[in-house]
Amino acid sequence: MDAIWTALKDHAAKTKARRILSLFDAPERAQQFSWRLGDMMLDAAKTNLDADALALLCDLARAAELEGRRAAMFEGAAINQTEGRAVLHSALRAPSGPIVVDGQDVLPEIVAARARLFAFADGVRSGAITGAGGRYTDVVNIGIGGSDLGPAMATLALAPYHDGPRLHYVSNVDGAHINDTLQGLDPKTTLVIVASKTFTTIETMTNAETARTWMARSVADPAAQFVAVSTALARTSAFGIAPDRVFGFADWVGGRYSLWGPIGLGLVLAIGPARFTAVLAGASAMDDHFRTAPIAQNMPVILALVGVWHNQVLGHATRAVLPYDQRLARLPAYLQQLEMESNGKRVAMDGSDLAQHSGPVVWGEPGTNGQHAFYQLIHQGTRVIPCEFLIAAEGHEPELAHHHRLLLANCFAQSEALMRGRSLDAARELMAAQGLAGAELERQALHRVFPGNRPSTTLIYRKLTPFVLGQIIALYEHRVFVEGVILGINSFDQWGVELGKVLATALEPVLAGAADGADKDGSTRQLIDFVRGS
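So, here's what we can say about the structure. Computed from a prediction, not measured in an experiment: that's the story for all the values here.

1. Things to note about the nonpolar core
Turning to step 1, where the next piece is worked out: Trp-252 and Tyr-461 are the most contacted members of the largest nonpolar core, which has 113 residues in total.
Turning to step 2, where the next piece is worked out: For this core, the element with the most residues is helix α18 (residues 466-487), which contributes 12 residues.
Turning to step 3, where the next piece is worked out: Trp-252 has contacts with Ala-86, Val-87, Leu-88, His-89, Ala-91, Leu-92, Val-101, Val-106 and Ile-110, leaving out every residue within four places of it along the chain.
Turning to step 4, where the next piece is worked out: With 21 residues, the next largest nonpolar core counts Ile-142, Val-170, Ala-211 and Ala-228 among its residues.

2. Quick look at the sheet that holds strand β1 (residues 34-37)
Turning to step 1, where the next piece is worked out: Read across the open sheet, the six strands follow the order β1-β2-β15-β14-β12-β13; overall the sheet is mixed. Because the sheet does not close on itself, it has two edges, and the strands there are β1 and β13 (361-363). Sheet twist, expressed as the mean angle between neighbouring strand axes with direction ignored, is 15°.
Turning to step 2, where the next piece is worked out: Note: strand β12 (residues 318-323) against β13, three bridges, orientation parallel. Paired with Ala-320 across the two strands is Trp-363, which belongs to β13.
Turning to step 3, where the next piece is worked out: Along the sheet face, helix α13 (residues 331-343) touches β12, β13 and β14 (387-392) and points at about 165° away from the line of β13.

3. Some words on the sheet that holds strand β11 (residues 246-247)
Turning to step 1, where the next piece is worked out: The parallel open sheet is built from five strands, whose spatial order is β8-β7-β9-β10-β11. In the strand order of this sheet, the two ends are held by β8 (166-170) and β11, each with one partner.
Turning to step 2, where the next piece is worked out: As paired elements, strand β9 (residues 190-195) and strand β10 (residues 226-229) share four bridges and run parallel to each other. Note that in β10 the partner of Val-192 across the bridge is Phe-226.

Rules behind the numbers
- Residues numbered from 1 in each chain as written.
- Predicted model: local features only at pLDDT ≥ 70, side-chain atom pairs only at ≥ 80, totals over all residues.
- Heavy atoms only, no water.
- Core = buried A, V, L, I, M, F, W, Y, C linked by side-chain atoms within 4.5 Å.
- Buried < 20%, exposed > 50% of the residue type's maximum accessible area, 1.4 Å probe, protein only.
- Helix = DSSP H or I, 4+ residues; strand = E, 2+ residues; numbered from the N terminus.
- Contact = heavy atoms within 4.5 Å.
- Pairing = 2+ DSSP bridges.
- Axes fitted to C-alpha atoms, helices over the stretch in contact; angles between N-to-C directions.

Purely spatial values, then, with no claim about function.
In structure tokens form, the structure reads like this:
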């Protein structure tokens, strides 16, 4: 692989001064650098990728044994080597089997668990399952990380399809989050979901205890209005949650990949089992494409290769995710975890230092809001930030079609402007047309130059339906996997979150005055003293 990395970086150096716009001199540029799957298209034509670079990137994927690693994942091999686990979130949305883990077909168990989940959701939605005050009007999902980001993002994304109780998501241990969420809710008609596989996550359990205390002020049996998404039956029982209100999932489903099963209960309650099944079907369709399409025609692979080209080859350290869809407002935060927790590693599978940089910093906001916030830096700043636009060809509000046309126009204009830029001569003409001349014209023109030649991709789809949302999420899941394979890392553990948890557990009694914290550094002791008022 070293030779391919070297060839890629040599090619990047040779083409560094080339303008992306010049690549469109080839009449088939747009078609050759776009990929379609059903009603979805990925356009990477506005990047500096050419046929030679793409061929080398495909060679890189093959040299990393991507096809074999992909097959191993879908076959249930323990590819999460540091934890000795299979990685089979795709099994949660698979329409058929067998799907074998440790010699056992796990699909019947998945189907049975889904049937239980759907039956409960149907009961709540129909009013057959009620709270102390009758039919449930509100549901509060308490979780954090993968138990929050995925379902919260998807619930917002599919708002046009909501016909169940109102959904609320609480994640932060900051008391303001649970306090502000519970304000205005009726405890007697509120259902609380506690999502924690081990039922020990400190933030989640602290919020759960607070919710139970709030519930107990009005409800004789508060635990009866709780359900758990957990595998820790002893702990859920001790909390007071009946076994038939506990929904578990296997250890081969990682937290940030768990939306497809019981962690998605909140979404099921909001949109119903039939529409949730459509989300699963969309993801399964992307799974089939990823598993079977050749590397050079494989949409998740191509998206990953574009990411590798921008980050590891060209050295662009960040990636802006810019959904031109207000209902995808939480997608950048979801992808932050998916990418940065998965591929934010410093060592390869064998423990050796990485030869290349690991994953990029992922961030973003919906358009057009971002245009009036940080696009200034993207267009005229000194660093190149590759952008990933997402947009639907159609909105959900036909009576507001003029809004959606304006949204589309802005999205397309931003990617074009990033590529084209504005030359100094064009800026001078602009200033001259405004009546300026001489030194003032020159001064003002310099401020209106856009360097351009800044890369972007656009993922466009017909409409943000449950099926399409499933496709989008699975597309990004597989993109992260491919990037991890190419880098030689384990994308499915997250040891980087552990150290802070350990230290926080030790610090809490210090802050409570039950320990002195003498072993802490001077800065930390000073912060503790400030809290204590000394």
